[in-house]
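# Overview (structure and organization)
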Amino acid sequence: RAPRILIPLSIAVHCQCAFAGYPTAFVSVLRAPHTLHQHPPFSLEARHPRYSLTLASQPRRKNLVVARFGQGIGWTMSTRSPMADVREQTEQVCSQAKHVQLDESALKSLAAEYAQAFKGQSDEETGWGEEIHFVGKEELTVQYLLVLDAINFCFWPSEGKWEYGDVSGALKNAVQQDESAIAAEKLANLTEEGLKTLLGGKEMPNMHDRARLLREVGQGLLANYEGSAAQMVRSCGGSAAELVRVVITTFPGFRDVTHFNGKEVAFYKRAQIFVGDVWGALKGKGLGEFHDVGEITMFADYRVPQILEARGVLRYSEALKSTILSKTEIPAGAEEEVELRAWTVQAVERLKAVLAADHSIDRMSIQVDWFLWEEGERKAIAGELPPHHRTRTTFY
C-alpha cells in the first residue's frame, strides 16, 4: 500500500520523485481535523535528479492534510530548523575562508565591554528600536513589519540619503495617515509610483525591485492568508522556526541562499529579521510570543561586519580591505561576500558564547545583533567608521 503521512498545512512539501514507468507522483490529499500546534513542523523529501513536485498547502486552515504517495517513492522526515542550516553552512564557509578571519582576542575584549552594557539591562529587554517603527494594533503592526522587511535591503547606493530609519519612518508615517496603505490588495498591484507615494513622495534606490517584492508580498498574502500577515504568523503556532520556513516558502524574494565552493549556503536575513521584529515590537507577547525565538541567528548585512571589522574582531585580507576602502563593488555570491556574511554570523555566535561562558550574560543572537547594529548605525552616521563592503543585492 502507498505510504501515508500527516503534513502540517503551513509547510510547502518539496517532493522530488520518479520511479519506473511513472514520471510523476500519485498524490491524494485528504483533510484531517487536527490543529497545527499539536504536531511539530517537519519537511518531507523524495529525491530524484529529474522530476520535482511541490505541494503548496493552504496555511490559513488550521488542520493537517494526509498525503498518499505512489509505490516506489522513498521519503524522509526532518524537524530541522532553517536556522540550523544557517549556522552549519556558515560554519563550513568559515572553515574554508581565505579573505576573512576572526580575531579571538579582540572578540573577548569586545565581549567584556558589552557584558558591562548588558548588565544594565533586564533579561526581558529586547533591544528593539520602538522609536523608529510603527507600533499600534497588533495585526497592523505585523503587516507593517512584513512590508518594511520586504524592502529592507541595499540602502548604500543612495550615499546616505536613505538609511534603515528613513524607510521605517516613511512607512510609519504612511500607516499613521492611512491604515489601508499597506493592505494586501493595494500591495498586490503596487507600481513604482505607488511605492514612491508610500515613501512620502521620495524615490530610493532600486524602486523596480522593491515594488516587485511588495507585489509578491501582497499576492502571497491574498493567495494563502486572506491578505493578513497576522494570520500567517498565527498559523505557525508560536514557532519562530516555522514562521521563517513559511516566509521563505510563500515569498520567493525572502529566500536568501547562495553558494560557496559548490555548496548551498543559507542566510535568510530578511525572513529572520521579520520574525525578530515581530518579537521585538510586540515584546514577546501575543503574536510576538515564540517559544523558539532563540533559534534566530544574527541578520547578515553590511553594517554589522563593518563595526566588527572596526573593532578588530573581523580581519580582512589586504586585497579585500583595499576593495572595501576604495568602495569597489563586490558581486553578490563572490567568495569575499559570502565569507564576510558567514563570518559575521559566526562572530555573533561566538560573541554570544563568550558572554555566557566568561560573564554569565545570557543573550540571544538577535539581541547581540541589535546591540552591534545600533553601535554601527551611530558611528556610521557620525562618520566614525571606515567604508562597509558594497554589494548590490535584494537580500540585505
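Everything that follows concerns the structure shown earlier in this document.
Residues numbered from 1 in each chain as written. Predicted model: local features only at pLDDT ≥ 70, side-chain atom pairs only at ≥ 80, totals over all residues. Heavy atoms only, no water.

Right, let's get into the pairing of strand 9 (residues 257–260). The side chains of a regular strand alternate, first on one face of the sheet and then on the other. Of the two faces of strand 9, only the one carrying Thr258 and Phe260 is buried; Val257 and His259 on the other face are not. Pairing analysis gives 4 bridges linking strand 9 to strand 10 (residues 263–266), with the strands arranged antiparallel. Opposite histidine 259, over in strand 10, you have glutamate 264 as the bridge partner. Turn length for the strand 9-strand 10 hairpin, with the two strands adjacent in sequence and antiparallel, is 2 residues, and the turn residue asparagine 261 shows positive phi of about 50°. (Buried < 20%, exposed > 50% of the residue type's maximum accessible area, 1.4 Å probe, protein only. Helix = DSSP H or I, 4+ residues; strand = E, 2+ residues; numbered from the N terminus. Pairing = 2+ DSSP bridges.)

Every α-helix carries 3.6 residues per turn, so stepping three or four residues along brings you back to the same face. Between its first and last C-alpha, helix 4 (residues 164–177) extends 20 Å over 14 residues, near the 20 Å set by a 1.5 Å rise per residue. For helix 4, the full list of buried residues reads Tyr164, Val167, Ser168, Gly169, Ala170, Leu171, Lys172, Ala174 and Val175. Buried residues along helix 4 sit in contact with helix 3 (138–150), helix 6 (192–198), helix 10 (269–281) and helix 14 (365–381). (Expected span 1.5 Å × (residues − 1). Contact = heavy atoms within 4.5 Å.)

Further remarks concern helix 10. The end-to-end C-alpha distance of helix 10 is 18 Å, a good match for the 18 Å that 13 residues give at a rise of 1.5 Å each. Positioned one or two residues after helix 10, lysine 283 has a phi angle of 55°, which is positive.

Another point: the packing of aromatic side chains. Aromatic ring pairs: the centre-centre distance and the angle between the two ring planes describe each pair. Taken as a whole and judged by the stated rule, the model has 9 aromatic pairs. Taking the centre distance of 6.1 Å and the plane angle of 15° together, the rings of tryptophan 279 and tryptophan 370 count as stacked. With tryptophan 279 in helix 10 and tryptophan 370 in helix 14, this pair connects stretches of sequence that are 91 residues apart. In this structure, tryptophan 279 and tryptophan 370 share a single accessibility class: buried. Positioned above the aromatic ring of phenylalanine 153 is the side chain of arginine 210, whose terminal nitrogen or guanidinium carbon lies 4.1 Å from the ring centre. The ring of phenylalanine 254 has arginine 270 lying over it, and the distance from NZ or CZ to the ring centre is 4.5 Å. (Phe/Tyr/Trp six-rings, centres within 6.5 Å; stacked < 30°, edge-to-face > 60°. Lys NZ or Arg CZ within 6 Å of the ring centre and 35° of its normal.)

In total, this model carries 21 salt bridges according to the counting rule given. In this structure, lysine 137 and glutamate 179 form a salt bridge, with 2.9 Å as the shortest nitrogen-oxygen distance. A residue pair is termed long-range when its members are at least 10 positions apart, and lysine 137 in the loop between helix 2 (104–119) and helix 3 and glutamate 179 in the loop between helix 4 and helix 5 (184–187) qualify at 42 residues. On the basis of relative accessible area, lysine 137 is assigned to the exposed category, the value being 52%. When its relative accessible area of 41% is taken as the criterion, glutamate 179 is described as partly exposed. What you see here is one network of salt bridges that share partners, running through Glu113, Arg311, Glu375 and Lys379. (Salt bridge = Lys/Arg side-chain N within 4 Å of Asp/Glu carboxyl O.)

What follows concerns the nonpolar core. By size, the foremost hydrophobic cluster in this structure holds 116 residues, and its most contacted members are Met232, Phe274 and Leu372. Among the elements that line this core, the one with the most residues is helix 13 (residues 335–359), at 10 residues. Filtering out sequence-adjacent residues up to four positions away, phenylalanine 274 remains in contact with Val142, Leu145, Leu146, Asp149, Met232, Val233, Leu243 and Val247. (Core = buried A, V, L, I, M, F, W, Y, C linked by side-chain atoms within 4.5 Å.)

Let us now look at the packing of helix 3 against helix 10. Each pair of packed helices can be described by the angle between their axes along with the distance between the axes. Helix 10 packs onto helix 3 with a crossing angle of 150° between their chain directions and a minimal axis gap of 9 Å. Taken together, helix 3 and helix 10 sit at an angle that is classed as roughly antiparallel. The hand of the helix 3/helix 10 crossing is right-handed. From helix 3, Thr141, Val142, Leu145, Leu146, Asp149 and Ala150 reach across to helix 10, where they touch Arg270, Ile273, Phe274, Asp277, Val278 and Ala281. (Axes fitted to C-alpha atoms, helices over the stretch in contact; angles between N-to-C directions. Parallel < 35°, antiparallel > 145°, perpendicular 65-115°, else oblique. Left-handed = near helix turned anticlockwise from the far one by under 90°.)

All right, on to the environment of cysteine 154 then. Looking at where cysteine 154 falls in the secondary structure, it is placed in the loop between helix 3 and helix 4. Judged by relative accessible area, cysteine 154 falls into the buried class, the value being 7%. The spacing of cysteine 154 and arginine 390 is 236 residues in sequence and 8.7 Å in space, taken between C-alpha atoms. Excluding its chain neighbours within four sequence positions, the residues that come into contact with cysteine 154 are Pro205, Arg210, Tyr302, Thr391, Arg392, Thr393 and Tyr396.

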